[in-house]
Amino acid sequence: MTFPHLGDAYILVHLVSQEMGVDCVTPPLNSIDTLEKGSKYSPDEICLPFKLMVGNLIEGIEQGADTVVMVSSPGPCRLGEYGELLKSILDKKGYKVDWILLDTIKDIGARELLRRASHIWKDRKKSNIEWLLSLKNIYQIVKSLEKLEETARWLCGYEIKKGQIKRLLLQCKKEMFQSKSIAEAHKTIEKYQSRINQVPLDMNKDPVKIVLTGEIYSLIEPFGNHYIEERLMDMGVSFYKRISIGWWIESTIVKPFSRQKTMKKKNSYLDHCIGGYAKDTIEEVIEAKNKNFDGVIQLLPLGCMPEIVTKSIISEMSNDLNIKTLTMVHDEMNGEAGYVTRIEAFIDMLQRRKYHVLFGH
């Protein structure tokens with residue numbers, strides 16, 4: 001089987017596949033080549049995530065995959081239509097493969113989701129109980145890695161020597177992908193958690209603190225946001241990001257499967273869901289102000305309807321709440337230099353604003 005990339009999901013899929021003794025073709029990490037392949041066969045007006053997914057699946061199939069596993073959503077985000085459109089495009093180009101579409105529990109129910117998921121591992125060499133135990137263990141890995149990343153994102157602003165925490169985090173993920181078992185990967189996370197905790201820090205620093213929010217794919221997939229997290233770490237910025245693989249699993253599988261009720265927040269700017277993460281983006285801007293963050297960066301791909309609506313609202317919120325915001329829109333035409341300049345200018349502005357507030361000049 002193969003699958004489209006979404007952040008660190010490839011590490012998790014690789015670990016579970018090894019544990020279950022199932023062949024898995026991991027596509028090369030997203031690159032310009034991937035984007036060019038995907039753009040060649042995609043509608044011009046469709047968003048960057050879709051074009052990258054087309055490229056991922058072509059590369060996976062060309063490496064021998066005969067089955068594609070694809071997640072879906074209930075909408076109104078277009079992800080709910082991606083599976084059908086991807087299949088149509090690849091079929092027309094001669095890439096004939098089997099498809100397993102993982103819809104949400106809300107759409108198809110827990111039993112049907114488990115049935116489809118079990119079909120992924122139909123050739124597994126372990127029992128159903130061992131399979132379910134592996135899924136439970138991989139979820140624990142997800143949460144542990146999520147905690148490690150959250151620590152790294154915050155402490156990087158207090159480093160005495162910039163870049164140490166970033167290098168440790170990237171090395172941790174590299175070793176996880178090379179792990180021979182889920183247990184080994186868990187030990188790797190514990191090892192690097194200890195190493196990050198030993199990085200020399202200056203807690204008297206007052207770094208710029210920002211919130212990263214916006215469209216889900218753009219927040220999780222590094223290539224889809226020009227590796228903004230690594231750039232912020234290099235700049236010595238402390239930042240918070242709620243969206244992660246763990247958040248997605250918990251929101252779409254764990255809570256619905258266990259029938260946990262999610263409290264719906266209300267706000268005066270956008271009081272109902274319009275798709276994707278739009279309503280949550282608005283609430284995160286409000287939360288950033290309440291928790292005294294210095295600014296907010298919104299990430300979205302060109303053409304993302306929910307986040308385009310949110311962008312117009314955030315402009316008003318920035319004035320009302322007196323919090324600085326920056327919206328970064330990504331597509332295949334984005335130039336690296338211009339992107340970096342905008343990020344650097346925004347962080348520099350926040351630093352000057354912080355200095356002015358502290359010293360009054």
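Report on the accompanying structure.

Calculation criteria
Residues numbered from 1 in each chain as written. Predicted model: local features only at pLDDT ≥ 70, side-chain atom pairs only at ≥ 80, totals over all residues. Heavy atoms only, no water. Phe/Tyr/Trp six-rings, centres within 6.5 Å; stacked < 30°, edge-to-face > 60°. Helix = DSSP H or I, 4+ residues; strand = E, 2+ residues; numbered from the N terminus. Buried < 20%, exposed > 50% of the residue type's maximum accessible area, 1.4 Å probe, protein only. Lys NZ or Arg CZ within 6 Å of the ring centre and 35° of its normal. Salt bridge = Lys/Arg side-chain N within 4 Å of Asp/Glu carboxyl O. Axes fitted to C-alpha atoms, helices over the stretch in contact; angles between N-to-C directions. Parallel < 35°, antiparallel > 145°, perpendicular 65-115°, else oblique. Left-handed = near helix turned anticlockwise from the far one by under 90°. Contact = heavy atoms within 4.5 Å. Nonpolar A, V, L, I, M, F, W, Y, C, P; charged D, E, K, R; others polar.

### So, the packing of aromatic side chains
For any pair of aromatic rings, geometry is given as the distance between the ring centres together with the angle between the planes.
For step 1, the next point in the chain: For the structure shown, the criterion picks out four aromatic pairs.
For step 2, the next point in the chain: With a centroid separation of 4.9 Å and an interplanar angle of 75°, the aromatic rings of Phe50 and Tyr82 are classed as edge-to-face. Of this pair, Phe50 sits in helix 3 (residues 48–62) while Tyr82 sits in helix 4 (residues 79–92), and the two are 32 residues apart along the sequence. Considered together, Phe50 and Tyr82 belong to a single accessibility category, that of buried residues.
For step 3, the next point in the chain: A ring pair is formed by Trp154 and Phe293, whose centres lie 5.9 Å apart and whose planes are at 75°; its orientation type is edge-to-face. Note that Trp154 is positioned in helix 6 (residues 128–155) and Phe293 in the loop between helix 12 (278–290) and strand 5 (295–301), a separation of 139 residues in sequence.
For step 4, the next point in the chain: With relative accessibility at 30%, the residue Trp154 sits in the partly exposed group.
For step 5, the next point in the chain: Over the face of the ring belonging to Tyr192 we find Arg195, whose NZ or CZ atom lies 5.0 Å from the ring centre.

### Quick look at the pattern of salt bridges
For step 1, the next point in the chain: With the rule as written, the count across this model stands at 21 salt bridges.
For step 2, the next point in the chain: When the shortest N-O distance is used, the salt bridge between Lys173 and Asp8 registers 3.1 Å. With Lys173 in helix 7 (residues 164–178) and Asp8 in the segment before helix 1 (9–20), the pair connects residues that are 165 residues apart, well separated along the chain.
For step 3, the next point in the chain: With a relative accessible area of 15%, Asp8 lands in the buried category.
For step 4, the next point in the chain: The partner of Asp206 in a salt bridge is Lys354, and the shortest N-O contact between them spans 3.4 Å. Here Asp206 is found in the loop between helix 8 (182–197) and strand 3 (209–214), whereas its partner Lys354 is found in helix 14 (residues 336–359), with 148 residues between them in sequence.
For step 5, the next point in the chain: Several salt bridges converge on common partners, so that one network encompasses Asp8, Glu149, Arg153, Lys173, Glu229 and Lys241.

### Some remarks on the packing of helix 1 against helix 7
For step 1, the next point in the chain: In contact at an axis separation of 9 Å, helix 1 and helix 7 are set at 25° when each is read in the N-to-C sense. As judged from the angle between their axes, helix 1 and helix 7 are roughly parallel. As for how helix 1 packs across helix 7, the hand of that crossing is left-handed. Of the residues in helix 7, those in contact with Tyr10, Ile11, His14 and Leu15 of helix 1 are Lys173, Met176 and Phe177.
For step 2, the next point in the chain: Looking at the contact of helix 1 with helix 7 residue by residue, the class counts come to five nonpolar, one polar and one charged.

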